[in-house]
There are 2 protein chains.
Amino acid sequence: MLAEIITIGDEILIGQIVDTNSAWMAEQLNLIGIKVKQVSSVSDDADHIIEALQLAEKRADIILITGGLGPTKDDITKITMARYFNMGFRRDQETLGHVTDIFVRYNKPMIESNRKQADVPDGCTVIKNKNGTAPCMWFEERGKIFVSMPGVPFEMKYLMEEEILPRLKKAFKLPAIIHKTILTANIGESFLAVELEEIEDSLPAHIKLAYLPKLGQIRLRLSGSGDDENLLKAEVEAYAQQIINKVKKYVVIDQDIALEKAILNIMQAHKLTLSTAESCTGGYIAHLITQHPGSSAVYAGGAVTYSNALKTSVLGVHAETLGTYGAVSEETVKEMAYGARINFKTDYAVAVSGVAGPDGGTEDKPVGTVWVAVANSHHVIARKFNFSNRRAQNIERSAIAALSMVLNEIKQDVG
Amino acid sequence: MLAEIITIGDEILIGQIVDTNSAWMAEQLNLIGIKVKQVSSVSDDADHIIEALQLAEKRADIILITGGLGPTKDDITKITMARYFNMGFRRDQETLGHVTDIFVRYNKPMIESNRKQADVPDGCTVIKNKNGTAPCMWFEERGKIFVSMPGVPFEMKYLMEEEILPRLKKAFKLPAIIHKTILTANIGESFLAVELEEIEDSLPAHIKLAYLPKLGQIRLRLSGSGDDENLLKAEVEAYAQQIINKVKKYVVIDQDIALEKAILNIMQAHKLTLSTAESCTGGYIAHLITQHPGSSAVYAGGAVTYSNALKTSVLGVHAETLGTYGAVSEETVKEMAYGARINFKTDYAVAVSGVAGPDGGTEDKPVGTVWVAVANSHHVIARKFNFSNRRAQNIERSAIAALSMVLNEIKQDVG
């Protein structure tokens, strides 16, 4: 089963926005067993859109289209879809009611261009867009499915999750697909591949193992497809267990969630609290944690101690330690973690100090040198890392390394 | 002058990575007067790549290709380009030397697949890739230019900036293009458009004004094209001045830099220091600031006071204030800013406290209610914002609002 994604609108083509929709849609489609053949971003130009539709229709069974559904003249997706399928227009009363409700709720005057949002090609099925005024349109023509969705990410995502993906599963009687994700850290892809070679070779044809690397972390994803969902689930689970046993010490968690979310879940279950003391990561770890709803149940807060003065006044790092060993040292980072845990009154604290770059490196401590420490009630451990010479990467990799160390400590403590 | 971008590789099509390259490339091309007609992401499949090349060649003058240049079997861009142009292969000695140097430097054994990275289609010009082993290849065929680059972002960006963009400018004798960007905040696009209608109508045909909105900020970009660069520069600058005078109170800075970078520049020039006290933004403001190299000259650090206990112990917010007015209040946020400025010994401090959501809202203080305060040596000001019901957006918009307030205060103080 093949799909294509077409994004319509000039924003991507002038570089104003990064197309995050397509990657998300592609991942969701792959998860239910639909492969994406091509992603095309085209301009708000009818002939160009028609050409893209024709080519996609030749190659794929499902064509998902985002964007170009606003009320302004630039937005021509709807009229172009009608032209492509040689359809007329009808005003969809349910959509009109929904759009009217939204304008009434926000107490805004409604003009004809807003009403026109309810006009749709007369051969399509309208799918209600709860989060916006542009309706989603589903076309079944010549044995293929075309879906036109708004390009606003949260509108598109809601529609995909609640409407499009379930309908596609039904329309194509897709086989059961079972995924199991294992998050690993602190091991490179090629080394992991060597460790897992035997297990990988023993996998039956209907179960595949994918390596999904991202800055110091690798997600291992087992994907099985078959007719009997329960049988498949047990089978995938058994292979997952083999993998976990084989590379146990690199396994962060056997779920498809972010590292910091895994920490929050475990800590919340055990009523544990966490604080942070960041130098080179500059608040990035705190940001990763606090982007998750409900993080306040675990995370008390932390300090971004960019200056040495703050390391001393806020975290209690001794001036002599900084003087003797420097800010980027085992001694300093341990005092940072210890101080955060005591001053912020939490069960655990994590501290990071390093040279993010591009400047500030020395022969002893080149750019990319990063110390991480984790403090709990019985000890403070520290580890040194050597990352790259690129600032953004160093910040991200330091955060991942720090969170991995936190998780390891907690898992040891809670068993 | 039209260009197309083709990205090759399965990573984008399975949703493993978001294609940030294309937006960046499109922006750079637009800045030198080259429009992007289409962006296509295709799989590692020779026939599919050939089809994409044929279609792009029909529509555009310049075809930029990224990805598929690694040493493994999956990477077939090079062999497919040779097939497309009916070329043989030659081993490029300079590339071989460069690849060998890299392996020697990292003390790694070199195998035949690594040596093959130096094999290139015999009709292309090789452009050295300083940051990696895959060479960049430049083809001029049938009056069009094709460039194949690695997909690794920092390798691609370096090649584009140092090699490809200058060569394209030369190859096509592009007109002089002058851009002037004005960053605005705290005003919506439609209101800004009304304010600037008269100026926009008076622009000559060779100067265009673009509105580039992003979460509470709008970049206004004047782009002029012409033959006489100096004349054009003066002309664009004069219109920019008109715009700045007209919407002065919304103008953040008249440069194309991030808001926090503008703050860092001004503060560094005036030897001023800054600290942060974040609740609902959870370290995101600190992260925005510290992603910039050299931020330590201005930024001392800050606190992420997620819990009320830390608001009191680290920032000195009175327990009675929290008890009487709550954490999300004018009184609390002012004490947070004041406390940060005093405790962290900086010239300015900014504090944020709000309900990021999705939970925690009340009738009085629904999700999206955010208070921001800025403290300097003579006063503490505060302002309330009402954002959306989406957590990630609330965090981002709060950060932008807070940084805008900081910049306004500083500009008032330094004149």
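As a reminder, the structure under discussion sits directly above these lines.
Residues numbered from 1 in each chain as written. Chains lettered and ligands numbered in written order. Predicted model: local features only at pLDDT ≥ 70, side-chain atom pairs only at ≥ 80, totals over all residues. Heavy atoms only, no water.

A. Geometry of the interface of chain B and chain A. Taken together, the 60 residues of chain B in the interface contact 60 residues of chain A. Between chain B and chain A, the buried area comes to about 4,500 Å², and carbon and sulfur atoms account for 58% of it. Scanning the region where chain B abuts chain A turns up two salt bridges. Considered class by class, the residues forming the side of chain B that touches chain A number 28 nonpolar, 24 polar and eight charged. (Contact = heavy atoms within 4.5 Å. Buried area = accessible area lost by both parts, 1.4 Å probe. Salt bridge = Lys/Arg side-chain N within 4 Å of Asp/Glu carboxyl O. Nonpolar A, V, L, I, M, F, W, Y, C, P; charged D, E, K, R; others polar.)

B. Molecular detail of the packing of helix α8 (residues 189–202) of chain A against helix α9 (residues 229–246) of chain A. Residue and element names in this part refer to chain A. Put simply, α8 and α9 touch, their axes get as near as 10 Å, and they point 165 degrees apart. Taken together, the axes of α8 and α9 are roughly antiparallel relative to one another. Crossing of α8 over α9 shows right-handed handedness. Residues E195, L196, I199 and S202 of α8 form the contact with α9, whose participating residues are Y239, Q242, I243 and K246. (Axes fitted to C-alpha atoms, helices over the stretch in contact; angles between N-to-C directions. Helix = DSSP H or I, 4+ residues; strand = E, 2+ residues; numbered from the N terminus. Parallel < 35°, antiparallel > 145°, perpendicular 65-115°, else oblique. Left-handed = near helix turned anticlockwise from the far one by under 90°.)

C. A look at the packing of aromatic side chains. What the rule picks out here adds up to twelve aromatic pairs over all chains. Three or more aromatic residues link up through ring pairs in this structure, and these residues are Y84, F85, F139 and F146 of chain A. Here the basic side chain of R142 of chain A rests over the ring of Y84 of chain A, its NZ or CZ set 5.5 Å away from the ring centre. Its end group placed over the ring of F154 of chain A, R390 of chain B keeps NZ or CZ at 3.5 Å from the ring centre. (Phe/Tyr/Trp six-rings, centres within 6.5 Å; stacked < 30°, edge-to-face > 60°. Lys NZ or Arg CZ within 6 Å of the ring centre and 35° of its normal.)

D. Examining the relation of the copies chain B and chain A more closely. Its rotation angle being 180 degrees, the transformation that places chain B on chain A also includes 0.1 Å of axial translation and leaves an RMSD of 0.1 Å. Put plainly, the chains are arranged around a two-fold axis. The fraction of interface residues of chain B whose copies in chain A are also interface residues reaches 100%, indicating that both copies meet through the same surface. (Least-squares fit on C-alpha atoms with pLDDT ≥ 70 in both.)

E. View of the packing of helix α10 (residues 259–269) of chain B against helix α15 (residues 391–414) of chain B. Residue and element names in this part refer to chain B. Contact geometry for α10 and α15: axes closest at 10 Å, N-to-C directions at 25 degrees. Taken together, the axis directions place α10 and α15 in an arrangement best described as roughly parallel. Both α10 and α15 take part in a crossing whose hand is left-handed. From α10, L259, E260, I263, I266 and M267 reach across to α15, where they touch I400, L403, S404, V406, L407, I410, K411 and V414. Of the residues that constitute the contact of α10 with α15, the class distribution is ten nonpolar, one polar and two charged.

F. Here's a closer look at helix α5 (residues 93–105) of chain B. Residue and element names in this part refer to chain B. With 13 residues, α5 should reach 18 Å at 1.5 Å per residue; the first-to-last C-alpha distance of 18 Å fits that figure. Taken as a whole, α5 has its buried residues at T95, L96, H98, V99, I102 and F103. With its buried residues spanning 165 degrees around the axis, α5 presents them on a single face. Seen from the buried face of α5, the exposed residues on the opposite side, beyond 90 degrees, are Q93, E94, V104 and R105. (Expected span 1.5 Å × (residues − 1). Buried < 20%, exposed > 50% of the residue type's maximum accessible area, 1.4 Å probe, protein only. Arc of directions from axis to C-beta.)

G. Fine view of the nonpolar core. Formed by 43 residues in total, the largest nonpolar core has its most connected members in V314, L315 and F344 of chain A together with V314, L315 and F344 of chain B. If we skip the residues at most four places from it in the chain, F344 of chain A touches S275, T276, A300, G301, G302, A303, V314, L315 and G339 of chain A together with L310 and V314 of chain B. (Core = buried A, V, L, I, M, F, W, Y, C linked by side-chain atoms within 4.5 Å.)

H. Looking closely at the sheet that holds strand β11 (residues 217–226) of chain B. Residues and elements named next belong to chain B. Spatial strand order, β10-β11-β9-β12: four strands in an open sheet with antiparallel pairing. At either end of the open sheet lies a strand with only one pairing partner, and these are β10 (207–214) and β12 (251–253). Between one strand axis and the next, the sheet turns by 35 degrees as a mean value, whatever way the strands run. As defined by bridge partners, strand β9 (residues 176–185) adjoins β11 across ten bridges and the pair is classed as antiparallel. Within the sheet, the bridge partner assigned to H179 lies in β11 and is S223. Running at roughly 85 degrees to β12, α15 makes contact with β9, β10, β11 and β12 of the sheet. (Pairing = 2+ DSSP bridges.)

I. Inspection of unusual backbone geometry at higher detail. Here the amide bond leading from G357 of chain A into P358 of chain A is cis, since omega sits at 0 degrees, within 30 degrees of zero. With respect to the helices and strands, the residue P358 of chain A is situated in the loop between β15 (348–354) and β16 (369–375). One non-glycine residue, R142 of chain B, lies in positive phi territory at about 50 degrees. Within the element layout of this structure, R142 of chain B appears in the loop between β7 (136–141) and β8 (144–149).

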